[in-house]
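Given next are the chains, with one letter for each unit.
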Amino acid sequence: MMQKLSNICSFVDGRVAVTDLDMNTYISTENMLPNKDGITRSAGLPTVSQTQIYKTQDVLISNIRPYFRKIWFADRDGGCSNDVLVLRAKENCFPAFLYYLLSDNNFFDYATVTAKGTKMPRGDKNAIMQYEIPEVPFDTQIGIANMLSTFNARIVTNRAINHNLEQTAQAIFKSWFIDFEPWGGDQPYDWREGTLNDLANITMGQSPDGSSYNEEGIGTIFYQGRAEFGSRFPKCRLFTTEPKRMAIKGDVLMSVRAPVGDLNIAVEPCCIGRGLAAVQSNNGCQSFVLYTMFALKQQLDMFNSEGTVFGSINKNDMAKLSVIIPTDYVMRQFEELVHPIDAVIETNYTENCNLQTTRDILLPRLISGELPVADCHC
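Residues numbered from 1 in each chain as written. Predicted model: local features only at pLDDT ≥ 70, side-chain atom pairs only at ≥ 80, totals over all residues. Heavy atoms only, no water.

Describing the pairing of strand 11 (residues 200-204)
Along a regular strand, successive side chains alternate from one face of the sheet to the other. Burial of strand 11 is one-sided: the residues Ala200, Ile202 and Met204 facing one way are buried, the residues Asn201 and Thr203 facing the other way are not. Pairing of strand 11 with strand 19 (residues 276-281) involves five bridges; the strand directions are antiparallel. Paired with Asn201 across the bridge in strand 19 is Gln280. (Buried < 20%, exposed > 50% of the residue type's maximum accessible area, 1.4 Å probe, protein only. Helix = DSSP H or I, 4+ residues; strand = E, 2+ residues; numbered from the N terminus. Pairing = 2+ DSSP bridges.)

Here's the deal with helix 9 (residues 328-368)
Between the first and last C-alpha of helix 9 there are 59 Å, a value that for 41 residues agrees with the 60 Å anticipated at 1.5 Å per step. Positive backbone phi, at 90°, marks Gly369, one or two positions downstream of helix 9. (Expected span 1.5 Å × (residues − 1).)

Some thoughts on the environment of Phe239
When you line up the elements, Phe239 lands in strand 14 (residues 238-240). Residue Phe239 is classed as buried on the basis of its relative accessible area of 14%. Put simply, Phe239 and Tyr223 are 16 residues apart on the chain and 8.1 Å apart in space, counted from C-alpha to C-alpha. Dropping the residues within four chain positions of it, Phe239 is found in contact with Ser212, Tyr213, Asn214, Gly217, Ile218, Gly219, Thr220, Ile221 and Phe222. (Contact = heavy atoms within 4.5 Å.)

Observations concerning the sheet that holds strand 15 (residues 246-247)
Taken in spatial order, the five strands of this open sheet run 12-14-13-18-15, and their pairing is mixed. With one partner strand each, in any of the chains shown, strand 12 (213-214) and strand 15 form the two edges of the open sheet.

Let's talk about the nonpolar core
By size, the foremost hydrophobic cluster in this structure holds 43 residues, and its most contacted members are Met254, Met293, Met318 and Phe334. The leading source of residues in this core is helix 9, at six residues. Those residues in contact with Met254 that lie beyond four places of it in its chain are Phe229, Val260, Gly261, Asp262, Leu263, Gly275, Leu276, Ala277, Met293, Leu300, Ile313 and Met318. Residues Phe11, Tyr99, Leu148 and Leu366 belong to the second largest nonpolar core, which totals 37 residues. (Core = buried A, V, L, I, M, F, W, Y, C linked by side-chain atoms within 4.5 Å.)

Observations regarding the sheet that holds strand 2 (residues 9-11)
The strand order 2-8-5-6 describes an open sheet built from four strands, whose pairing is antiparallel. Strand pairing shows two members of the sheet lacking a second neighbour, strand 2 and strand 6 (71-73), which therefore form its edges. The mean inter-strand angle of the sheet, taken between neighbouring strand axes irrespective of direction, is 25°. Lying over the sheet, helix 1 (residues 95-103) contacts strand 2, strand 5 (59-62), strand 6 and strand 8 (84-89), oriented at roughly 170° with respect to strand 6. (Axes fitted to C-alpha atoms, helices over the stretch in contact; angles between N-to-C directions.)

A closer look at the packing of aromatic side chains
This model, assessed by the stated rule, comprises 22 aromatic pairs. Taking 5.6 Å as the distance between ring centres and 45° as the angle between the ring planes, the aromatic pair formed by Tyr291 and Phe294 counts as tilted. Linking Tyr291 with Phe294, this pair stays in helix 6 (residues 286-295), spanning three residues, or about one helical turn. Members of the aromatic cluster, connected to one another through ring pairs, are Phe173, Trp176, Phe177, Phe180, Trp183, Trp191, Phe288, Tyr291, Phe294 and Phe334. (Phe/Tyr/Trp six-rings, centres within 6.5 Å; stacked < 30°, edge-to-face > 60°.)

Some details on the pattern of salt bridges
In the structure shown here, the tally under the stated rule is 18 salt bridges. Among the ionic pairs, Arg192 bridges to Asp198, the shortest N-O distance being 3.8 Å. When its relative accessible area of 35% is taken as the criterion, Asp198 is described as partly exposed. Shared partners join several salt bridges into a network, and the residues in it are Glu166, Arg232 and Asp342. (Salt bridge = Lys/Arg side-chain N within 4 Å of Asp/Glu carboxyl O.)

Topic: the state of the cysteines
Inspection of every chain in the model, using the stated rule, returns zero disulfides. Free of any disulfide, Cys236 has its nearest cysteine sulfur in Cys270, 9.2 Å distant. For Cys270, a relative accessible area of 0% corresponds to the buried category. (Disulfide = S-S within 2.5 Å.)

Notes on the pairing of strand 5
Residues Val59 and Ile61 point to one face of strand 5 and Leu60 and Ser62 to the other, with burial holding for every one of them. With three bridges joining them, strand 5 and strand 6 adopt antiparallel strand pairing. Its bridge partner being in strand 6, Val59 is matched across the sheet by Phe73. Here four bridges tie strand 5 to strand 8, and the two strands are oriented antiparallel to one another.

Some points on the side chain of Gln52
Of note, Gln52 is situated in strand 4 (residues 50-54). The exposure class of Gln52 is buried, given its relative accessible area of 3%. At a separation of 3.5 Å, a polar atom in the side chain of Gln52 contacts the main-chain carbonyl oxygen of Val12. (Polar contact = N/O pair within 3.5 Å; in protein donor to acceptor, adjacent residues only side chain to side chain.)

Purely geometric stuff here, so don't read any function into it on its own.
In structure tokens, the structure reads:
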């Protein structure tokens, strides 16, 4: 049996004044994380005079780019932007089940097709409430939600581990190559001032012809710019059958157009577009190059504030960025210490990708009843 979404939830249209908000719990589409992975807190004040208010266990969905792809199961009360849809489960719906129901790609496709507007489409609330879903017994809803939550719990744990590992690696780099702590706070006499060109090979991206792009996995993975960047690794969306400039696994990918300096790491060979550059160690010390690039943020920020409408950096300017060059022995000591940390971060990331894929395959089958919860041993 099928039913309307309106039978199990309702839109929340309450408003609260900005002056009554706790900024630690204010949510906008900018600080929501995509792909059902949670949410971060807002870094600044809202710009609207009135906002929606949400409660713990409400479902929050972005209503602007990327439309409906950002979704959060609220773990606290707070206020949110008017560009966030807030849905609340009724008594016949287990709140976490509603979250997973709206995380399904079928809902995304429906909400996109029924959205109103052309230049800046918005979800049509009336149409959304007409979305058809299977009738699922309450006990089964709980079973589905609890089973899928095991995937999310592992994903969250891996992400927390990776955050701590990256902070550790950053701290080691700072201690050695910025504060010189192992050498009593002074730069060793046999280290020298150099440029990025002394440490690495730089490949500037070049975009293939647009007719070669596809989303079906045909050809080579293609990253046009920072739009595909994740927190550390890029998210694969496009492919090209006519690759031009390539990066290899482990290369540092850097945004060369506004904002200049955002970084990710290639997890496989990929074609890079004109919005990116690939930076590769010339002596095999790729972790040292990676954290050197992180440390160049202040220099790179200058290319975002030189009075131009759109910041950018070319290969010559990248090559001339000032860096500290330690002895080969010290550089390799750092590599031996930090490269295994980076390897664990990548392993955890790969596991999360696999968990997300498995979860998203199971989700529609569980909701439709094709796969009974009792038959799923995950």
